[in-house]
Amino acid sequence: MLKVGINGYGTIGKRVADAVAAQPDMTVCGVAKASPDFGADGAVQRDYPLYSAIGDRVETFRAAGYEVAGTSDDLIAESDVIVDAAPGGIGAENLTRYEAAGVPAIVQGKESDDLVDTSFNARANFEDAEGADAVRVVSCNTTGLSRLVAPLEENYGVEKVRATLVRRGGDPDQTGRGPINDILPDPIAVPSHHGPDVNTIFPDLSIDTMGLKVPATLMHMHSLNIELESEPTDQAVHELLAEESRIFVVDEGMAIDGTGKLREFARDRGRPRGDLWENCVWGESINVEGSELYMFQAIHQESDVIPENVDAIRAMAGIAGKEESMALTDEHLGIGLPDPRSVPAPSPTP
Ligand code: NAP
């Protein structure tokens, strides 16, 4: 059993911890957070050993009634692999500590690609992370774009990607980012930094991106125009994407007309926290005009990077190859949203 420590137990860290705990070949050896607030209750409920991310706050946690196993230095020493899910920028500082302790570490998309052996998306470049000491799981938007580009590139060739990213203003718990009522070009400069980020996964891809921020918390929305090297039919692209385990093609008959209904659908399906680990592509929006492909996809920013973190752990530790790891992650998380109308009903109990 591989022991995984999670340094940073917020939106991403708590989801990574639960995903690791669900796998048959790894275990959570502890989670660290900075303050003894309600987030620590999740660790207590799940029996994850709790550590103080900041060295001198052990007593603050104890005074608030939380048992702590030590500081993040102790957690690092306990771990075979560390997943850093601290706020952006802090992961970069923490990397030097992981390196000094000789513990392989994963940081998240806000950190610079220059600091790690490779940026990572399981579908696109799993092999690059095999045996690596420092890996960066790319941001939620870059993850969503990479998962889409990989099968299109393999099957049709991609001449150019043009993507407009309509980004949520904040996560539901980020009260400090609101209340807001505006639409911001963000960044105002065009093209945005998102395209170069996708180039950390696909170095030769021609891609231009523009970003907007809107007063929403549920998901991001991508409006995509992809120039292909060939001219597939709408139906062929639809079928290609539907075969990808981490892409959910939303069927017209489901009457899901926005991100609110998507999240409601996930809650109805019993998904933990209403998470949608898959890219959600509207089937109706898939349209090929000559070699130009158009579509809309929604990305759940809080959860699409979670399976990628699990696969990055396996790649670094060398405990499974790409296909096996992705299949294990998918199975044990419960990835895949088959249309219940196409699944035979269970036979009635006699
Ligand atoms: P978050 O909700 O603010 O959680 C950050 C966690 O790190 C909190 O548990 C915080 O403790 C803890 N922390 C604070 N200082 C720390 C330190 N010095 N060392 C270790 N942990 C520390 O942030 P998040 O949204 O999960 O984001 C984490 C990373 O994932 C960021 O790099 C972010 O860019 C990236 N990411 C975020 C999203 C998203 O949509 N949220 C999507 C993809 C990638 P307390 O809880 O006690 O304050």
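Look up a bit, the structure's there.
Basis of the calculations
- Residue positions within a chain follow its written sequence, with the count starting from 1.
- Note on the predicted model: pLDDT of at least 70 is required for a residue's local features to be given, and 80 or more for side-chain atom pairs to be given and counted; whole-chain, interface and lining totals, by contrast, use all residues.
- For the side-chain quantities, the full set of heavy atoms in the structure was used; hydrogens and water were omitted.
- Labels follow the DSSP assignment, with helices taken as runs of H or I lasting at least four residues and strands as runs of E lasting at least two, numbered in each case from the N terminus.
- Within these notes, the globule rule equals 2.2 Å times the number of residues to the 0.38 power, and the radius of gyration is based on C-alpha atoms.
- Two residues form a contact once any of their heavy atoms are found within 4.5 Å.
- Only the protein chains shown count as cover for residues, and all accessible areas are computed by the Shrake-Rupley method using a 1.4 Å probe.
- Charged-residue counts in this description rest on Lys and Arg as positive and Asp and Glu as negative, His and the chain ends being excluded.
- To locate a charge, take atom NZ for lysine, CZ for arginine, CG for aspartate or CD for glutamate.
- For two strands to count as paired, DSSP must find a minimum of two bridges between them.
- Only the stretch in contact is used when fitting a helix axis, every axis being a line fitted to C-alpha atoms; angles between N-to-C directions are given from 0 to 180 degrees.
- We call a residue near a molecule or strand whenever a single non-hydrogen atom of that residue lies within 4 Å of it.
- N or O atoms closer than or at 3.5 Å make up a polar contact, with two conditions inside protein: a donor-capable atom paired with an acceptor-capable one, and, for residues adjacent in sequence, both atoms drawn from side chains.
- Detection works on a 1 Å grid of protein atoms alone, calling trapped sets that fit a 1.4 Å probe cavities and calling open sets with protein on both sides within 12 Å along at least five of seven lines pockets, with lining residues defined by an atom within 4 Å of a point.
- Each molecule is checked against the cavity or pocket grid, and it sits inside if more than half of its atoms lie within 2 Å of the grid points.
- Salt bridges are defined by distance alone: a side-chain nitrogen of Lys or Arg within 4 Å of a carboxyl oxygen of Asp or Glu.
- Relative accessibility under 20% of the residue-type maximum defines a buried residue, over 50% an exposed one, and the middle range a partly exposed one, all with a 1.4 Å probe and only protein chains included.
- We call Phe, Tyr and Trp rings a pair once their centres come within 6.5 Å, taking the six-membered ring for Trp, and we label the pair stacked below 30 degrees between planes, edge-to-face above 60, and tilted otherwise.
- A patch is a set of surface residues, each over 30% in relative accessible area and not in a salt bridge, joined within 9 Å for like charges and within 5 Å for the nonpolar side chains Val, Leu, Ile, Met, Phe, Trp and Tyr.
- An expected span of 1.5 Å times one less than the residue number is assigned to each helix.
- Relative orientations are named as follows: roughly parallel for angles under 35 degrees, roughly antiparallel for angles over 145 degrees, roughly perpendicular for angles from 65 to 115 degrees, and oblique for any other angle.
- Crossings are classed by handedness, with left-handed meaning an anticlockwise turn of the near helix from the far one by less than a right angle and right-handed meaning a clockwise turn.
- For this classification, the nonpolar set comprises Ala, Val, Leu, Ile, Met, Phe, Trp, Tyr, Cys and Pro, the charged set comprises Asp, Glu, Lys and Arg, and every other residue, Gly included, is treated as polar.

*Asks:* Tell me about the overall build of the chain, residues and numbers included.
*Replies:* Regarding its fold elements, the chain presents twelve helices and 15 strands. Taken over C-alpha atoms, the radius of gyration comes to 20 Å for the chain, in line with the 20 Å a tight globule of 350 residues would show. Across its three principal axes, the chain shows a C-alpha extent of roughly 65 × 60 × 45 Å. Of the contacts made within the chain by residues no fewer than 6 positions apart, 70% connect residues no fewer than 24 positions apart. Summing over all exposed atoms, the chain offers an accessible surface of approximately 15300 Å²; the carbon and sulfur share of this is 51%. Between the averaged position of the 28 positive side-chain charges in the chain and that of its 59 negative side-chain charges there is a distance of 7 Å.

*Asks:* Hey, could you go over the sheet that holds strand β4 (residues 81–84) for me, with residue numbers and the actual values?
*Replies:* Hydrogen bonding along the main chain pairs the strands of a sheet, whether they run parallel or antiparallel. The parallel open sheet is built from seven strands, whose spatial order is β3-β2-β1-β4-β5-β7-β6. In this open sheet, the two edge strands, each paired with only one partner strand, are β3 (50–52) and β6 (118–120). Sheet twist, expressed as the mean angle between neighbouring strand axes with direction ignored, is 25 degrees. Two strands pair when backbone bridges link them, and strand β1 (residues 2–7) and strand β2 (residues 26–33) are joined in this way by six bridges, in the parallel orientation. When the sheet's bridge partners are listed, Gly-5 is paired in β2 with Gly-30. Where helix α11 (residues 306–317) meets the sheet, its contacts fall on β1, β2, β4, β5 (105–107), β6 and β7 (134–137), and the angle it forms with β7 comes to roughly 160 degrees.

*Asks:* Can you explain the site of the ligand? Please cite residues and give values.
*Replies:* Not every one of the 23 residues close to the ligand is listed here, only the nearest: Ile-12, Lys-33, Ala-34, Ser-35 and Asp-171. A distance of 2.5 Å is found between an oxygen atom of the ligand and a backbone nitrogen or oxygen belonging to Ser-35. Contact with the protein chains covers 82% of the free accessible surface of the ligand, which is 900 Å². In this structure, the ligand is accommodated by the largest pocket.

*Asks:* I'd like a rundown of the pattern of salt bridges, residues and numbers included.
*Replies:* Inspection of every chain in the model, using the stated rule, returns 25 salt bridges. In this structure, Arg-167 engages Asp-186 in a salt bridge whose closest nitrogen and oxygen atoms are separated by 2.9 Å. Here Asp-186 lies in the loop between β9 (184–185) and α8 (194–198) and Arg-167 lies in strand β8 (residues 158–168), a separation of 19 residues in the sequence. The exposure class assigned to Arg-167 is buried, which follows from its relative accessible area of 14%. On the basis of relative accessible area, Asp-186 is assigned to the partly exposed category, the value being 22%. Beyond isolated ion pairs, a larger network of salt bridges with shared partners links Asp-25, Arg-147, Arg-246, Glu-308, Asp-311, Arg-314 and Asp-330.

*Asks:* Pulling in residues and values, what's your account of the packing of aromatic side chains?
*Replies:* Scanning all chains against the criterion turns up three aromatic pairs. With a centroid separation of 6.0 Å and 55 degrees between ring planes, the pair formed by Phe-120 and Phe-126 is classed as tilted. Taking relative accessible area as the criterion, Phe-120 reaches 0% and is therefore assigned buried. With 5.5 Å between their ring centres and 10 degrees between their planes, Phe-248 and Phe-265 make a pair best called stacked. Highlighted residues: Phe-248 in strand β12 (residues 247–250) and Phe-265 in helix α10 (residues 259–268), separated in sequence by 17 residues. There is no split in this pair, since Phe-248 and Phe-265 are both buried.

*Asks:* I'd like a description of a negative patch on the surface, backed by residues and values.
*Replies:* A cluster of like negative charges, contributed by Glu-127, Asp-128, Glu-130 and Glu-323, occupies part of the molecular surface. Turning to its location among the elements, Glu-127 is positioned in the loop between α6 (122–125) and β7. Taking relative accessible area as the criterion, Glu-127 reaches 44% and is therefore assigned partly exposed.

*Asks:* How would you explain helix α7 (residues 140–156) if you had to name every residue and give the values?
*Replies:* Over its 17 residues, α7 runs 24 Å from end to end, which matches the ideal 24 Å to within 8%, given 1.5 Å per residue. A large share of α7 lies buried, amounting to 14 of its 17 residues. Directly beyond the C-terminal end of α7, a positive phi value near 75 degrees is found at Gly-157.

*Asks:* Run through the packing of helix α1 (residues 11–21) against α11, naming residues and quoting values.
*Replies:* Running from N to C, α1 and α11 cross one another at 55 degrees; their axes reach a closest spacing of 9 Å. The angle between α1 and α11 falls in the class oblique. For α1 against α11, the interelement crossing comes out right-handed. Contact residues: Ile-12, Arg-15, Val-16, Ala-19 and Val-20 in α1; Ile-306, Asn-309, Val-310 and Ile-313 in α11. Here the residues of the contact of α1 with α11 are counted per class, giving seven nonpolar, one polar and one charged.

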